[in-house]
Each structure stands twice: as structure tokens, then as C-alpha cells.
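Coordinate inspection notes
So you can see what is in the structure, the chains are spelled out below.
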Amino acid sequence: MNYAEVLAAARECIGTKCHACPVCNGKACGNTMPGPGAKGVGDTAVRNYDKWQEVRVNMDTLYAGGPIDTSLELFGRKFKYPFFAGPVGAVTLHYSDKYNDVTYNNTLVSACAKAGIAAFTGDGLDASVMQVATEAIKANDGMGVPTVKPWNIDTIREKMALVKESGSFAVAMDVDAAGLPFLKGMNPPAGPKSVAELKEIVAAAGRPFIVKGVMTVAGAMKAKEAGAAAIIVSNHGGRVLDQCAATAEVLPEIAAALKGSGVKILVDGGIRSGTDIFKALAMGADGVLICRPFVVAVFGGGAEGVQAYIDKLAGELEDTMSMCGAASLAEITPDMIRLP
């Protein structure tokens, strides 16, 4: 099964809100929420994609050559590639009922683990979303990252108990989810977190803690102060704030601010190819997350669809590395790209 076949199959079953576009750039789904769209007019999701396309790679084949090593070590685990599947919760709300949270997570987590990468899993108003996600991670030797919403501390402690039971190698919190329209005013409440509150949450996690939703240098410094082991430069795919900067625009300055700190940097938002992954690494990221296309891959082909998409990304990344003179991730440098 190739990725074109995955897309064609997904269009038959993914529902009316996602169009399984050949290029997932945020234009067709617009501001469709619930669904895969974005908040407001959808400007931020489109901008995320467009800004990666403005970055160019510098071809240079005058080097020793040899095998290309795409592996990444993170928090004591070695991954075959420097990309991960991003978190999604309430699958039937946003897509169709072909998959629910149980079947979606079981398929995605196991397929990613088999391919040598990890899936981040989602959270939601329904407590069973986190329950089934952590069960899927436990069944795959902890090869996954549960992503907890920024609830109140009592609810977070309950979620962390599930995280610990899963044996996951890390845990994340998408602090930017505080801006999701359907979370506001809900019970338990979701909302912003102070550095002091985040410190308490990091301590409760008992494993490497990843703060997802950092878009400024100031935010990165706050996450570092709170004890985060990593951050994800992310605007929640454009789903929480219209007219927000694209992740590609802010990544270089955040990476520069955290250089030498030991805090790992991941990034998401509009990254759609292995070449985009290369650009992100050259701009200072340690790895990337990709979300919506993995949903399409599951709906379009289950585990086989996920593998087809991973193979596509891997092939593009390897080709870009070989054509730009980088035999390993450590050899990808800022001078291998041209910023706009």
C-alpha cells in the first residue's frame, strides 16, 4: 500500500469534516471545529504550512558519502527516525465513527512502535480517552507519550496515575489546549498554568515532562524553570488562536535561547514531508511531531497505512540528508537551509 492509496481509501471513510487532501495545508477544512480545522478563519493553520515552504534547502553532494543514519536518542530510548505521531483525542467527534479512541490508539501506538517511532496520544472531556490511550501504550512496552490537558491539579494527579501505570518513557501536557473552545467553561476546568503550578505537575509526573504549546522565548524559559525535560514549539495546529505566528517563524529564536540548557526541542505545525523535517532539525529542533496526516493514515489503511506514511517521510528525509551532505542527524546544520 502506498500513500496515494492510503489517501484514496481515507476519503471514503474519514467523514465530512476532513477531506484527506494530497497536501494537508489547512485550506480545505478551514475553520471546521469540531473537525480537523482551526480557530477563527483558519489563518494560523495555513500559515504553519506555508512558512515551512518558504524555507529552502542547500544542496551539497561534495562530501564523503556513506550510509544515512536517521536515528534519534531521546530520554534513554533510541528511535529509528526523528519524527513522532502527534496526539488526537475524541476521534469520532472530529472525524467519523470508523475508529473510536480505543481502536484508533491501539492501531496508531502499535504501528508506530513497530516502525521504530512513538505516538503521542490525546486526552479529552471523556475520561476514557486517557484511559484507553495509556492502556495502548502499556501494551507496547511504554512506547508512547500520553498528552494530558491542563486540567486542575486534582484531575491531573488522577491522569498521572494512569500515565505511571502505562510505563510511558515520557509524558506531555498541551498547555495551549487552554484555548480550545469546547474546553472553556467545562468541568473539570482547563486553563493556563503558572510556573509554580507547572513545577508541581512536573514533580507529579515522575518521568521526563514535555511542555507542548510553547511559542515564545519567554514561554520556553518558563518551561525550563518549571523543570521541563523538553518543549514542543506548537500553536496546537492553529486550533486555539487565530493570527498566531507560525511555528517555523519562532523556532530559531527559541532554539537559540535554549542552546546548551539540556532542554530538548520538538516542533509541530504544518510539517508535512521529510524535507520539512530536515528544515526543522537545521533550525534547531531535536525532532518533530506530525498529527493530522497520521489520522488520515489510520483511516486510510490502519497499521499498513501508518507504515506507508512513515516510509514516505523516512524516504524523503534520507534523500534530503544525502543531497545536503548530512550522514547523521548531528551533521544537519543551519547552513544547510536558506531562511526567507
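Data block above holds the structure.
In this report, the structure presented in the accompanying data block is examined. Please read all numbers here as calculations on a predicted model, not as lab measurements.

The contact between helix H8 (residues 217-226) and helix H9 (residues 247-258) brings their axes to 9 Å, and the two run at 40°. Between H8 and H9 lies a crossing whose hand is right-handed. The segment H8 lies against H9, with Val217, Ala220, Met221 and Lys224 engaging Glu253, Ile254, Ala257 and Leu258. Among the residues making up the contact of H8 with H9, the classes are represented as 6 nonpolar, no polar and 2 charged.

Another aspect to go through is helix H10 (residues 274-282). Counting buried residues along H10, 8 of its 9 residues qualify, which places the element largely inside the surrounding structure. Listing the buried residues of H10 in full gives Gly274, Asp276, Ile277, Phe278, Lys279, Ala280, Leu281 and Ala282. Remark: Gly284 follows H10 within two positions and exhibits a positive phi of approximately 115°.

Taken as a whole and assessed by the stated rule, the structure comprises 9 salt bridges. Here Asp123 and Lys159 are joined by a salt bridge, their closest N and O atoms 2.8 Å apart. Here Asp123, found in the loop between strand S5 (119-121) and helix H5 (128-138), pairs with Lys159, found in helix H6 (residues 153-166); they are 36 residues apart in sequence, far enough to count as distant. The salt bridge partner of Glu200 is Arg157, with a shortest N-O separation of 2.9 Å. Residue Glu200 is located in helix H7 (residues 195-205), and its partner Arg157 is located in helix H6; the two are separated by 43 residues in the primary sequence. Overall, the relative accessible area of 37% leaves Glu200 in the partly exposed class. For Arg157, a relative accessible area of 42% puts it in the partly exposed group.

Thresholds, definitions, all that
- Residues numbered from 1 in each chain as written.
- Predicted model: local features only at pLDDT ≥ 70, side-chain atom pairs only at ≥ 80, totals over all residues.
- Heavy atoms only, no water.
- Axes fitted to C-alpha atoms, helices over the stretch in contact; angles between N-to-C directions.
- Helix = DSSP H or I, 4+ residues; strand = E, 2+ residues; numbered from the N terminus.
- Left-handed = near helix turned anticlockwise from the far one by under 90°.
- Contact = heavy atoms within 4.5 Å.
- Nonpolar A, V, L, I, M, F, W, Y, C, P; charged D, E, K, R; others polar.
- Buried < 20%, exposed > 50% of the residue type's maximum accessible area, 1.4 Å probe, protein only.
- Salt bridge = Lys/Arg side-chain N within 4 Å of Asp/Glu carboxyl O.

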